[in-house]
Amino acid sequence: MEVRYGKRDIYHADELITIGDIHGEDLHLEDILNQTTPFLDNNPNCHIVFCGDYCNRGSNSARVFELLINLKKKYPSQAYFIKGNH
């Protein structure tokens, strides 16, 4: 998987899903992904953006990263992650 940095053109997205403050809650993230990935499957011009705070506090931060990495592998041009805290 290639990692690239810089600007992405999401301004022309048909649909934009934003998610923030996961805080290591893997089960909540899994539920969110089950609800949102059908939009990504059905529309290649739908994008999902995560706004930071991926780990800490929650029950399983490692699994959160596993879920996010797998999401990026499945939707490389539709999933975006903001570095840092918001």
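These figures come from a predicted structure and were not determined experimentally.

Novice: Let's hear about the confidence of the model for the protein: which residues, and what values?
Specialist: Overall, the prediction assigns the protein a mean pLDDT of 87, with 83% of residues at 70 or greater. Between the elements of the protein, mean pLDDT differs from a low of 92, seen in strand E1 (residues 15-19), to a high of 97, seen in helix H1 (residues 26-42).

Novice: How would you summarise the sheet that holds strand E2 (residues 46-50) if you had to cite specific residues and measurements?
Specialist: Strand pairing in a sheet takes place through backbone hydrogen bonds and is either antiparallel or parallel in direction. The sheet built from 3 strands is open, its strands ordered E1-E2-E3 with parallel pairing. This sheet does not close on itself; its edge strands, each paired only once, are E1 and strand E3 (79-81). Neighbour to neighbour, the strand axes of the sheet diverge by 20° on average, direction disregarded. Sheet analysis places E1 next to E2, joined by 5 bridges and oriented parallel. For Ile17, the partnering residue across the bridge sits in E2 and is Ile48. Strands in contact with helix H2 (residues 61-74) are E2 and E3; relative to E3, the strand with the most contacts, it is inclined by about 135°.

Novice: I'd like a rundown of the pattern of salt bridges, residues and numbers included.
Specialist: Under the counting rule described, the total for this entry stands at 2 salt bridges. The partner of Asp26 in a salt bridge is Arg63, with the nearest N and O atoms 3.2 Å apart. With a gap of 37 residues between them, Asp26 in helix H1 and Arg63 in helix H2 connect regions that are remote in the sequence. A residue is classified by how much of its surface remains accessible, and Asp26, at 5% relative accessible area, is buried.

Novice: Describe the packing of H1 against H2, naming the residues involved and giving the relevant values.
Specialist: Remark: H1 packs on H2, axes separated minimally by 10 Å, with the N-to-C direction vectors making an angle of 10°. One element, H1, and the other, H2, form an angle in the roughly parallel class. In this structure, H1 uses Asp26, Leu27, Leu29, Glu30, Leu33, Thr37, Leu40 and Asp41 to contact H2, whose residues at the interface are Arg63, Val64, Leu67, Leu68, Leu71 and Lys74. The class makeup of the residues in the contact of H1 with H2 is 8 nonpolar, 1 polar and 5 charged.

Parameters and conventions
- Residues numbered from 1 in each chain as written.
- Predicted model: local features only at pLDDT ≥ 70, side-chain atom pairs only at ≥ 80, totals over all residues.
- Heavy atoms only, no water.
- pLDDT = per-residue confidence, 0-100.
- Helix = DSSP H or I, 4+ residues; strand = E, 2+ residues; numbered from the N terminus.
- Pairing = 2+ DSSP bridges.
- Axes fitted to C-alpha atoms, helices over the stretch in contact; angles between N-to-C directions.
- Contact = heavy atoms within 4.5 Å.
- Salt bridge = Lys/Arg side-chain N within 4 Å of Asp/Glu carboxyl O.
- Buried < 20%, exposed > 50% of the residue type's maximum accessible area, 1.4 Å probe, protein only.
- Parallel < 35°, antiparallel > 145°, perpendicular 65-115°, else oblique.
- Nonpolar A, V, L, I, M, F, W, Y, C, P; charged D, E, K, R; others polar.

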